[in-house]
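Residues per chain are reported as follows:
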Amino acid sequence: MKRILLSVAALAGAAAFFAFSNAPIAEAAQAQGDVARGQAAFERIGCWACHGHQGQGGSTGPKIAPNPLAFPAFSGFVRTTSGEMPPFTARVLPDQDLRDIHAFLMSVPAAPAVATIPLLQ
Amino acid sequence: MSGSDKQPRIERRQFLKGAAAAGPALAAASLVSPQAAQAAQTPAGAAAPATMAVREQHPPGTGQPLAPGYVVGGDHMTDCLRALDIEYVASCPGSTFRGFQESIINYGGNKKPEFLTALHEDSSVHFAMGYAKITGKPMAAMIHGVVGVQHASMAIYNAFGDQVPVYIIAGNLLSEWGRRPGAEAAHSSTDQAQMVRDYIKWDEQPTTLRDFSNAAARCYEAAVSGAPGPVMLTADADMQEEAIHEDHKADLRLPKIGRRIPASADSGTVQELATMLCNAENPVLSLDRYGNNDKSIPLMVELAEALQAPVIDTRGRMNFPNRHPLNVSDIGGPYLRNADVVLAVEPRDLFGMVMALDDEDVRTPRPRIGQNTKVVRLGISHTSQKPNYGGSQRYAPADLDIQADAQGTMPALIEAVKRMAKPNFAARGERIANQTKNLLERAKAEAAYGWDASPISTARLCAEIWDQIKNEEYTVPTETNFLSSWPQRLWVMDKYYNFLGRSGGWGVGYNSAAAIGAALANKPHGRVTVALAGDGDFMMAPGVIWTAAHHQIPILFVIHNNRGYHQETMHLQRMANRRNRAVTTADIGTTIKDPNMDFAMMAKSMGVYSEGPVSNPVDLRPAIQRALAVVKRGEPAVLDIVAQPR
Ligand SMILES: Cc1ncc(C[n+]2csc(CCOP(=O)(O)OP(=O)(O)O)c2C)c(N)n1
Ligand SMILES: [Mg+2]
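These numbers come from a predicted model, not from an experiment. (Residues numbered from 1 in each chain as written. Chains lettered and ligands numbered in written order. Predicted model: local features only at pLDDT ≥ 70, side-chain atom pairs only at ≥ 80, totals over all residues. Heavy atoms only, no water.)

All names here are of chain B. Across the sheet, which stays open at both edges, the six strands sit in the order β3-β2-β4-β5-β7-β6 with parallel pairing between neighbours. Looking at strand neighbours, the two that pair on one side only are β3 (114-117) and β6 (202-204), the edges of this open sheet. Each neighbouring strand pair of the sheet contributes to a mean axis angle of 25 degrees, computed without reference to strand direction. When strand β5 (residues 166-172) meets strand β7 (residues 230-236), the two strands line up parallel, connected through seven bridges. (Pairing = 2+ DSSP bridges. Helix = DSSP H or I, 4+ residues; strand = E, 2+ residues; numbered from the N terminus. Axes fitted to C-alpha atoms, helices over the stretch in contact; angles between N-to-C directions.)

At the junction of the two partners, chain A supplies 32 residues and chain B supplies 32 residues. For the pair chain A and chain B, the summed buried surface comes to about 2900 Å²; carbon and sulfur atoms form 63% of the total. Considering only the side of chain A, the residues that lose the most area to chain B are E84(A), L119(A) and L120(A), jointly responsible for 23% of the buried surface there. The tally of links from chain A across to chain B stands at one salt bridge. There are twelve residue pairs in polar contact (both at pLDDT 80 or more) connecting chain A and chain B. The greatest single-element share of the side of chain A that touches chain B, amounting to three residues, is contributed by helix α4 (residues 47-51) of chain A. Here the side of chain A that touches chain B is built from residues that sort into 16 nonpolar, twelve polar and four charged. (Contact = heavy atoms within 4.5 Å. Buried area = accessible area lost by both parts, 1.4 Å probe. Salt bridge = Lys/Arg side-chain N within 4 Å of Asp/Glu carboxyl O. Polar contact = N/O pair within 3.5 Å; in protein donor to acceptor, adjacent residues only side chain to side chain. Nonpolar A, V, L, I, M, F, W, Y, C, P; charged D, E, K, R; others polar.)

The subject of this paragraph is the sheet that holds strand β10 (residues 311-313) of chain B. All names here are of chain B. With parallel pairing, five strands are arranged side by side in an open sheet as β10-β9-β11-β14-β15. In this open sheet, the two strands that pair with only one neighbour each are β10 and β15 (400-402). Mean inter-strand twist for the sheet, computed between neighbouring axes without regard to direction, equals 15 degrees. Across three bridges, strand β14 (residues 374-378) lies against β15 in parallel orientation. In the sheet register, V376 faces β15, and the bridge partner there is L400. Helix-sheet contacts for helix α14 (residues 296-307) involve β9 (283-287), β10 and β11 (341-345), and the interaxial angle to β9 is about 165 degrees.

This brings us to the coordination of the magnesium ion (ligand 2). All names here are of chain B. At 2.0 to 2.1 Å from the magnesium ion (ligand 2) lie its protein donor atoms, namely D535 (OD), N562 (OD1) and G564 (O). Every donor residue of the magnesium ion (ligand 2) comes from the same chain, spaced as D-x26-N-x1-G. Of this pair, D535 sits in helix α23 (residues 535-540) while G564 sits in the loop between β18 (555-561) and α25 (566-578); the two residues are 29 residues apart in sequence, bridging distant segments of the chain. For G564, a relative accessible area of 7% gives the class buried. (Donors = N, O, S within 2.8 Å, 3.2 Å for Na, K, Ca; no water. Buried < 20%, exposed > 50% of the residue type's maximum accessible area, 1.4 Å probe, protein only.)

The next point concerns the site of ligand 1. Residue and element names in this part refer to chain B. Near ligand 1 lie 17 residues; those nearest to it are D535, G536, G564, H566 and R646. Within the side chain of N562, an N or O atom sits 2.9 Å from an oxygen atom of ligand 1. In the model, a nitrogen atom of ligand 1 is placed 2.9 Å from a nitrogen or oxygen of the E568 side chain. Protein burial of ligand 1: of its 580 Å² of free accessible surface, 78% is covered by the chains. Put simply, the parts of the chain that give the shell around ligand 1 at least two residues each are α23 and α25. (Near = heavy atom within 4 Å. Areas by Shrake-Rupley, 256 points an atom, 1.4 Å probe, with all protein chains shown as cover.)

Residue and element names in this part refer to chain B. In this model, helix α17 (residues 406-420) (15 residues) spans 20 Å end to end at C-alpha, consistent with the 21 Å of a helix rising 1.5 Å per residue. The largest bend in α17 comes to about 35 degrees, at A412. Listed in full, the buried residues belonging to α17 are A406, Q407, T409, M410, L413, I414, A416 and V417. (Expected span 1.5 Å × (residues − 1). Bend = angle between axes of the 7 residues up to and from the residue.)

Backbone torsion omega between A65(A) and P66(A) reads 0 degrees, so that peptide bond is classified as cis. In this fold, P66(A) is placed in the loop between α4 and α5 (71-80). Along the chain, G612(B) connects to P613(B) via a cis peptide bond; the corresponding omega equals 0 degrees. By the secondary structure assignment, P613(B) is in strand β19 (residues 609-614). Phi at D85(B) is positive, roughly 65 degrees, even though this residue is not glycine. Summarising the element assignment, D85(B) is placed in the loop between α5 (73-83) and β2 (88-91). Phi is positive for Q163(B), close to 60 degrees, though the residue is something other than glycine.

Next up, the structure:
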């Protein structure tokens, strides 16, 4: 239910994002993100504070990695959310940084299978 | 001295044989030598004053022992504490209670009560909170006049908010006559309880020794009756040091504590409630300050099973077994929304139970319950509320408000529900069990994310600890929400002492200190106490681990070191974002790094076994193992774990 609401918000956000960005910036934003720069931005810009240093989530923010939302939904959400997560506009989080952050989250390896962790048996 | 001044002085000593005889004799008495005072006590000296302030009787430096046959006020006060079954006095010393302290040690033999050295008054009160949550009994916190009260005030506020009985004894120097300029004057007050009166249940400042036991008893009764809480008994220093002849000790009666039976609801009301619950299609039990002793949980399990109703534990206490199939605490939202009857059990704040407010730009209360949900409040936890401080949120009405002790009402309610139980309850229970059966698996799957991360994930930290204590009787005396509640999600918690709820007033500094008091209470039971304290919380009162070392209180003290007041980092981040400006500065004023704290070194400096910083998860297991070995020897051990923020 919550997830559905988020996706609606994300789509709306994505639409707004594409509507207002001019073509060159959109192209740049679509360029491959850089994982290392993304990790640095994730730390610098404060995503880690609520989502954990690996995007694993916790009591404040949900898990956002591995397997983050696809970029349009991801960026739409980050730009326009107005709930417990505050929005990050392009003014404080440039498009390229957001791209890089997404690349970093994409790069987070899958969690080990629970069955392979003795402590969780 | 004016005539009106004189009256109370006579009154103060009136109970002593012959003392009422004459004011002039009293006035003289304060000037006579010890020898003369002794002579006055011979049978022939019937009209002579029986006592005088010890400080007058024994001027400093004379080395004059207490005259034979005399005891002092502090001795009587010690007897009073013993009569009230108070085992410990947690205290950072102060001269306003030196007479009392000396009595506890040399008259009472430092046994029941025994002195517990604290390094801050706030810690003394928090120790008492942790101890009371395990034992159900108040510990005394003895605090210095004025300044001690000021230091202790936040912890007192926590105790009030959390409804924990704490017996605060504050020193004071009531009489201006004998106060020395400087500290003694500064640490005296006409009405020092006024500083904390908004968040204590009762206070007394007896003005004669004869009144002391009465005041002590009333404070005690207030602390433990109804919704429990802190009380303050001011013990005047003159009175502590005042000498009394043995012959007159009998006039000083001791307080007596009888059996207390909490108020339970009458049979008609119980029947009405049982009918509501049994006729409901979707009843929900929501529990707050309920689980206080070893009977609480078994009774609630019986009720929930009789109804086959879902249970939400809001974790104000340990209220319901975390792995019970009817425990829906982590998925409670839909149950509340669909409920036709919610039984709110011992809620301190009913509003918070039935309404939510998110931290959003525009704040709109969001009902957690449905439009037609009937709310029944069963309990007395809201009855100690006072104006001024916002311990409970907005007013929320209950459709039926049963002002009776929930646990006391439980046996009759269970009986009534069992009599009316319907065959379709079982199907409801199965549906709930179906929804809860995967919670543990889900938690484990989530715990796997960031499993090998450094800083160490809070899930990994909690799983590693659990692996080594799972066969022990244990207590987590600290809040767990900053650890994403992993203990509740991964461990087995089913005893009231497995978890002790929260601080009550959200005052940071509670966790580390309350943990020590809980560990002290656990010591005779051989339970392992595992504190999971934030680095910020710990730095509010790091001296608490010295107290643990000094008094050989075993505790595994794990510091969740996220190098900051992380809660505030997130707040600052939100503010910057909402204002759409520099979002990279949330660490300013909120982090505790540059330089990093070395908690292990700090612990060592206080004689406490310690390891850390541990930031590689593979180092956790051996570190915990070694620390637990120390704890098993009866000592504290500190682990500094550099961990993820939540
Ligand atoms: C006495 C007091 N001061 C300040 C606060 C505000 N505050 C709430 S949580 C928090 C951070 C506590 O730090 P820590 O225990 O390390 O927990 P963390 O949030 O870092 O996990 C602070 C300062 C408070 N609640 N009480
Ligand atoms: Mg911290």
